[in-house]
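In case you want the letters, here they are:
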Amino acid sequence: MNVPDKIGALMEEAEALAEPKLKQIDKRVDHNQWKVIRAFQKHKVSDYHFAGSTGYGYNDRGREVLDLVYAEVFGAEAGLVRPHFVSGTHTIGTALFGLLRPGDLLLYMTGKPYDTLHKVIGKPGDGTGSLQDWGVRYDEVALSPDGMPDWNRLADKLRTAPPKVVGIQRSRGYDWRPSYTVAQIAEMVRFVKELVPSAIIFVDNCYGEFTEEAEPTEVGVDLMAGSLIKNPGGGIAPTGGYIVGKKELVELAAYRLTAPGIGGEVGAMLGVTRDFFQGLFLAPHLVGQALKGSAFASAMFERLGFDTHPRWNDERTDLIQAIRFTSADHLIAFVQGIQKSAAVDSHVVPEAWEMPGYEHPVIMAAGTFIQGGSLELSADAPIRSPYIAYMQGGLTYAHVKWGVVMALSNMINKGLL
Ligand SMILES: *Cc1c(COP(=O)(O)O)cnc(C)c1O
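Rules and cut-offs
Residues numbered from 1 in each chain as written. Predicted model: local features only at pLDDT ≥ 70, side-chain atom pairs only at ≥ 80, totals over all residues. Heavy atoms only, no water. Core = buried A, V, L, I, M, F, W, Y, C linked by side-chain atoms within 4.5 Å. Buried < 20%, exposed > 50% of the residue type's maximum accessible area, 1.4 Å probe, protein only. Helix = DSSP H or I, 4+ residues; strand = E, 2+ residues; numbered from the N terminus. Domains from an automatic or database assignment. Contact = heavy atoms within 4.5 Å. Near = heavy atom within 4 Å. Polar contact = N/O pair within 3.5 Å; in protein donor to acceptor, adjacent residues only side chain to side chain. Areas by Shrake-Rupley, 256 points an atom, 1.4 Å probe, with all protein chains shown as cover. 1 Å grid on protein atoms, 1.4 Å probe; cavity = no way out; pocket = protein on both sides within 12 Å on 5 of 7 lines; lining within 4 Å. Sits in = over half its atoms within 2 Å of the grid points. Pairing = 2+ DSSP bridges. Axes fitted to C-alpha atoms, helices over the stretch in contact; angles between N-to-C directions. Buried area = accessible area lost by both parts, 1.4 Å probe. Salt bridge = Lys/Arg side-chain N within 4 Å of Asp/Glu carboxyl O. Points joined across faces, edges and corners; volume = space filled by probe spheres on them. Nonpolar A, V, L, I, M, F, W, Y, C, P; charged D, E, K, R; others polar. Phe/Tyr/Trp six-rings, centres within 6.5 Å; stacked < 30°, edge-to-face > 60°. Lys NZ or Arg CZ within 6 Å of the ring centre and 35° of its normal.

### Describing the nonpolar core
Ranked by size, the top nonpolar core spans 88 residues in total, and within it Tyr70, Leu106, Leu131, Phe202 and Ile243 carry the most contacts. When residues of this core are assigned to their parent elements, the largest contribution, eight residues, is made by helix α8 (residues 273-303). Residue assignment places this core across two domains, with domain 1 (5-33 + 281-413) and domain 2 (53-276) each supplying three or more. Aside from chain neighbours lying at most four places away, what touches Leu131 is Leu96, Phe97, Leu100, Leu106, Val120, Ile121 and Val136. Counting residues in each nonpolar core, the second largest holds 35 residues, with Ala14, Ile338, Leu377 and Ala379 among its members.

### Details of the site of the ligand
Around the ligand lies a shell formed by Ser87, Gly88, Thr89, Ile92, Tyr114, Thr116, Gln169, Asp204, Cys206, Tyr207 and Lys230. A distance of 2.8 Å is found between an oxygen atom of the ligand and a backbone nitrogen or oxygen belonging to Gly88. Within the complex, 91% of the 380 Å² of free accessible area of the ligand lies under protein. With respect to the pocket detection grid, the ligand is positioned in the largest pocket.

### Comments concerning the sheet that holds strand β8 (residues 307-309)
Ordered by their spatial adjacency, five strands build an open sheet running β8-β9-β12-β11-β10, and the pairing between neighbours is antiparallel. Of all the strands in the sheet, the pair left with one neighbour each is β8 and β10 (362-365). When strand polarity is set aside, the average angle formed by the axes of neighbouring strands in this sheet is 20 degrees. The sheet contact formed by strand β11 (residues 378-382) and strand β12 (residues 388-392) spans three bridges and is antiparallel. Bridge pairing links Ala379 to Met391 in β12.

### Overview of the domain arrangement of the protein
The domain architecture assigned to the protein consists of domain 1 (5-33 + 281-413) and domain 2 (53-276). Tallying the contact residues gives 40 residues for domain 1 and 33 residues for domain 2. Carbon and sulfur atoms supply 60% of the area that domain 1 and domain 2 bury against each other, a total of about 3,100 Å² over both sides. In terms of surface lost to domain 2, no three residues of domain 1 exceed His309, Thr317 and Tyr358, which account for 21% of the buried area on that side.

### A few points about the pattern of salt bridges
Enumeration according to the criterion identifies 18 salt bridges in this entry. Measuring nitrogen to oxygen at the nearest pair gives 3.5 Å for the salt bridge that ties Arg170 to Glu215. Placement of Arg170 in the loop between β4 (165-169) and α6 (182-195) and of Glu215 in the loop between β5 (200-204) and β6 (223-227) is noted, with a sequence separation of 45 residues between them. For the pair Arg170 and Glu215, a shared accessibility class is recorded, and that class is buried. With its nearest N and O atoms 2.8 Å apart, the salt bridge here joins Asp307 to Arg324. Of the two residues, Asp307 is situated in strand β8 and Arg324 in strand β9 (residues 321-324); the sequence distance between them amounts to 17 residues. Its relative accessible area of 42% is what places Asp307 among the partly exposed residues. One continuous salt-bridge network, built from bridges that share partners, spans Arg170, Glu212 and Glu215.

### Remarks on the side chain of His118
Mapping His118 onto the fold places it in helix α4 (residues 118-121). For His118, the side chain forms a polar contact with the main-chain oxygen of Pro113, separated by 2.7 Å. For His118, the residues in contact, after removing those within four places along its chain, are Lys112, Pro113 and Glu359.

### Overview of the layout of surface pockets
Taken as a whole, the largest pocket holds about 1,000 Å³ of empty space. At the level of secondary structure, the elements contributing two or more residues to the lining of the largest pocket comprise α3 (88-99), β10, β11 and β12. When its residues are assigned to classes, the lining of the largest pocket shows 22 nonpolar, 18 polar and five charged. Roughly 490 Å³ of volume is contained in the second largest pocket. In terms of lining residues, the second largest pocket is bounded by 22 residues, among which Asp67, Gly79, Lys247, Gly264 and Glu265 are the most central. At the level of secondary structure, the elements contributing two or more residues to the lining of the second largest pocket comprise α2 (61-73), β1 (78-82) and α7 (247-257).

### A short note on the environment of Lys35
The topology assignment puts Lys35 in helix α1 (residues 5-42). Owing to a relative accessible area of 11%, Lys35 belongs among the buried residues under this scheme. Taking the C-alpha atoms as reference, Lys35 lies 39 Å from Val348; in sequence the two are 313 residues apart. Excluding anything up to four places from it in sequence, Lys35 contacts Val73, Glu213, Ala214, Glu215 and Glu218. At a separation of 3.0 Å, a polar atom in the side chain of Lys35 contacts the main-chain carbonyl oxygen of Glu213.

### Things to note about the packing of aromatic side chains
Going through the model one piece at a time under the given rule, you end up with 15 aromatic pairs. Centroid distance Trp151 to Phe191: 4.8 Å. Interplanar angle 55 degrees. Geometry classified as tilted. Of this pair, Trp151 sits in helix α5 (residues 151-160) while Phe191 sits in helix α6; the two residues are 40 residues apart in sequence, bridging distant segments of the chain. Judged by centre distance (5.1 Å) and plane angle (65 degrees), the ring pair of Phe306 and Phe325 falls under edge-to-face. Within this pair, whereas Phe306 is found in the loop between α8 and β8, its partner Phe325 is found in the loop between β9 and α9 (328-340), the two being separated by 19 residues in sequence. With respect to class, Phe306 is no different from Phe325; both count as buried. Three or more aromatic residues joined by ring pairs form one cluster here, namely Tyr70, Phe74, Phe210 and Tyr242. In this arrangement the basic side chain of Lys230 is found over the ring face of Tyr207, its NZ or CZ atom lying 4.2 Å from the centre.

Okay, here's the thing in structure tokens:
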């Protein structure tokens, strides 16, 4: 393979440097792999559960056991795991619409949520059927300059207008802020419940699954949602989302996904059940591969003098690795280099475009087996200053290393390094 000498030497250094981190990630994988296997065993997952259902999908035992296994893995009372969720946004939207009624207040305590949720929250009278169009009230607490919740302002808001639902986004998304560890989320839960015991705590867990040994629903979070084309789908689930949490709240979300009175009792699985089970089984390992790739990439770019977030040796609680470049050219060369390293679609050159749901042009590298699957090596960057690329995923650690090589080679070829 043609690795320029300069990059080859740097790779050796970066990998040696990151070695203790890589070992720590392996330990985490062991823990989560065993946790997932134990959940399968407890619910006696069997070959016959993998059969798909059709039509209404009544009495689909595989689907029921899948829900139970997810609930077990996430330390929750109930689960709703379905291919009928078209994306993470749809899954989160379903959970929120399930919980909120006109006049209720939704308070996001971790600043502005992920871009695609802005239109789900919407504006009063926007005519789209967004939360605010339906009469749900919305407020958010901007983060402190250090990226942590602004506890004083949060306390003020909780006291003056008690919310029905408090939203927490675990992952940084497209922001230069820390992702929140499960321990920090536990602290947020305690803080909110002390002031408003009735508040329902909802967590957007996208990208967080299996990055730590515990999940937010194990530390008092009431309802949580995520995407199956990210971590828990294990690179195998072709589509879908999951919701886990308190039984009655999961049921409200299920009423919203299908219809009141029907809920999660129906829904043909169309042959994806085995993929969902197998993906969940593989997820801890693949998340580990992706995390190793991120730690390595972070070490590499730090050595080259770029700012990274998290730093290579920081605690990781999601898949996202942010790298801050000095120009749009670096950003574009990086994303295009990641694309060049892919097994799928390496010959296409990503360009920035106005993606539905996003507010700035976004350039994305996604040479993936599952369209948009971001447990697979992918990179996104809104073209806006400061020029930050967000890379995530990698089904194999070796692929991520190759991606970094291609990204750096691309920059060298363009005279940017
Ligand atoms: C990906 C993501 C979403 C939305 O998921 P889509 O599948 O892109 O709709 C929401 N929140 C966070 C934090 C995410 O990472």
